[in-house]
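Structural features, examined
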Amino acid sequence: MGAWAIAVHGGAGVDPNLPLERQEQAKQLLTRCLNLGTSALRADLPAIDVVELVVRELETDPFFNSGRGSALNENGRVEMEASIMDGPKRRCGAVSGLSTVKNPISLARLVMDKSPHSYLAFSGAESFARQQGVELVDNDYFITEENVGMLKLAKEANTILFDYRIPLGMESCAAGVESPIQMNGLPISVYAPETVGCVVVDSQGRCAAATSTGGLMNKMEGRIGDSPLIGAGTYACDLCGVSCTGEGEAIIRGTLAREVGAVMEYKGLGLQDAVDFVIKNRLDDGKAGLIAVSNKGEVACGFNCCGMFRGSATEDGFMEVGIWDQ
């Protein structure tokens, strides 16, 4: 019997002028999710069940960018994606292009458990959801008035909105720099990197990871980021579980989540050293962050941008929620 540990995140890359009220709302949500996860772990639920449970909670709350409250694409619609991975035997499931599935992470779990495949997308994923009887809702369910306003700003903006979840009327808090950020070598006017994720190691030493997102505000229709890509946004194996957040294109190029496990396995690094190595050496000019747990009950995080919504807890009673520098 080992020691359990859990970490959650609500996205990397936070407006440094984020109002204190919204900082407190974020911390309260992360704390609620940690309490939900720790209660499940004390009840001996396996790691894979706990990560799904916690991410479902994050998807249901509109504060972060997943499920209800997801970012809107260029056409004003929500296209969500998610993935989940179970460290033992490296079983996984992923989905993209969802527009009616209330909890994308649970459909990803069903892809893993109830289909012969690892990844389903768009109409095929929606058809599978209907076959499995998961809860479906109209696309309007996911759209918030706040995000409609932010999409309008995104289409008009020539600057970065560090955190698109600034209350309407406070757009100046999101003002950025004169030059737009580069993604894959091309300028984009708005970058909204919020994503949610959870990683868990249970008392049996089993690691699991789950990640869910609505993607970038004002993204092109059909854009797929790192969150549903196993090895990029999500990874779990016998050694660790990892969930990433940030600039998806950079995370994909660096196969960021898998790299944490790889340097632990091949370089013999401990968890925090592996996270630090990957953040420093595998992102090139990209901005991102990640959370991780090890099969020894350790928990770690790392990021190279202005803040990451995050929280962690361990069996010995430690619990911490933060946003800014480590």
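Predicted model only: the values in this text are computed from it and were never measured.

What to know about the environment of Ile105
Structurally, Ile105 can be placed in helix α3 (residues 104-114). Spatially, the C-alpha atom of Ile105 lies 9.9 Å from that of Val54, the residues being 51 residues apart in sequence. Once you skip the residues sitting within four places of it in the chain, Ile105 turns out to touch Glu52, Val55, Arg56, Glu59, Ala82, Ser83, Ile84, Ala210 and Thr211.

Comments concerning the confidence of the model for the protein
The pLDDT averaged across the protein works out to 89; a share of 88% of its residues lies at or above 70. Taken as a whole, residues 158-180 scores under 50 in pLDDT and shows 74 contacts with residues more than four places along the chain or in a different chain. With pLDDT under 50 throughout, residues 186-191 is counted as low confidence; its partners more than four residues away or in other chains account for 28 contacts.

A few points about helix α2 (residues 47-60)
The end-to-end C-alpha separation of α2 is 20 Å, in line with the 20 Å expected for 14 residues at 1.5 Å each. All of the buried residues in α2 are Ala47, Ile48, Val50, Val51, Glu52, Val54, Val55, Leu58 and Glu59. Tucked into the core, α2 has its buried residues touching β1 (5-12), α1 (20-42), β2 (80-86), α3, β7 (196-201) and β8 (207-213).

Some words on the sheet that holds strand β11 (residues 288-294)
One open sheet holds the four strands; their spatial order is β9-β10-β11-β12, and the pairing between them is antiparallel. Each edge of the open sheet carries a strand with a single partner, namely β9 (234-236) and β12 (299-303). For this sheet, the mean angle separating the axes of adjacent strands, direction not counted, is 10°.

Focus: the pattern of salt bridges
For side chains of opposite charge, pairing can occur when their charged atoms come near one another. Using the criterion set out here, one finds 13 salt bridges in the structure. We note a salt bridge from Asp61 to Arg32, for which the minimum N-O separation is 3.1 Å. Residue Asp61 is found in the loop between α2 and β2, and its partner Arg32 is found in helix α1; the two are separated by 29 residues along the sequence. Since its relative accessible area comes to 38%, Arg32 is described here as partly exposed.

Some words on the nonpolar core
The nonpolar side chains of a soluble globular protein tend to be buried, and buried together. Residues Ile6, Phe64 and Leu107 are the most contacted members of the largest nonpolar core, which totals 54 residues. Cys237, Leu256, Ile279 and Cys305 belong to the second largest nonpolar core, which has 39 residues in total.

Some points on the side chain of Ser66
Mapped onto the secondary structure, Ser66 falls in the loop between α2 and β2. Taking the relative accessible area as the measure of exposure, Ser66 reaches 0% and is therefore buried.

Considerations on the side chain of Ser99
Examined against the element boundaries, Ser99 turns out to sit in the loop between β3 (91-98) and α3. The exposure class of Ser99 is buried, given its relative accessible area of 15%. Each residue touching Ser99, except ones within four places of it in the same chain, is listed here: Arg77, Val78, Met80, Glu126, Val137, Asn139 and Phe142.

Thoughts on the packing of aromatic side chains
Under the definition given, this model contains three aromatic pairs. Judged by centre distance (5.0 Å) and plane angle (90°), the rings of Phe63 and Phe64 are edge-to-face. This pair shows no difference in class: Phe63 is buried, exactly as Phe64 is. Ring geometry for Phe64 and Phe309: centres 5.2 Å apart, planes at 55°, overall tilted. Of the two residues, Phe64 sits in the loop between α2 and β2 while Phe309 sits in strand β13 (residues 308-314), which places them 245 residues apart along the sequence. The aromatic ring of Tyr141 is capped on one face by Arg68, whose charged end is 5.8 Å from the ring centroid.

A closer look at the pairing of β11
Burial runs high along β11: seven of the seven residues are buried. Both faces of β11 are covered, namely the face carrying Ala288, Leu290, Ala292 and Ser294 and the face carrying Gly289, Ile291 and Val293. Bridge count for strand β10 (residues 240-246) against β11 is seven bridges, and the pairing is antiparallel. Across the sheet, residue Gly241 finds its bridge partner in β11, namely Val293. In terms of strand pairing, β11 meets β12 through five bridges, oriented antiparallel. The residue of β12 that forms the bridge with Val293 is Val299.

As for helix α4 (residues 122-132)
Of all the positions in α4, only Ala125, Glu126, Phe128 and Ala129 are classed as buried. Down the axis of α4, the buried side of the element spans an arc of 160°, and every buried residue falls inside it. The exposed residues of α4 that point more than 90 degrees off its buried face are Ser123, Arg130 and Gln131. In this structure, the buried residues of α4 make contact with β3, α3 and β4 (119-121). With its phi angle positive at about 75°, Gly133 sits one or two positions after the end of α4.

What counts and how
Residues numbered from 1 in each chain as written. Predicted model: local features only at pLDDT ≥ 70, side-chain atom pairs only at ≥ 80, totals over all residues. Heavy atoms only, no water. Helix = DSSP H or I, 4+ residues; strand = E, 2+ residues; numbered from the N terminus. Contact = heavy atoms within 4.5 Å. pLDDT = per-residue confidence, 0-100. Expected span 1.5 Å × (residues − 1). Buried < 20%, exposed > 50% of the residue type's maximum accessible area, 1.4 Å probe, protein only. Pairing = 2+ DSSP bridges. Axes fitted to C-alpha atoms, helices over the stretch in contact; angles between N-to-C directions. Salt bridge = Lys/Arg side-chain N within 4 Å of Asp/Glu carboxyl O. Core = buried A, V, L, I, M, F, W, Y, C linked by side-chain atoms within 4.5 Å. Phe/Tyr/Trp six-rings, centres within 6.5 Å; stacked < 30°, edge-to-face > 60°. Lys NZ or Arg CZ within 6 Å of the ring centre and 35° of its normal. Arc of directions from axis to C-beta.

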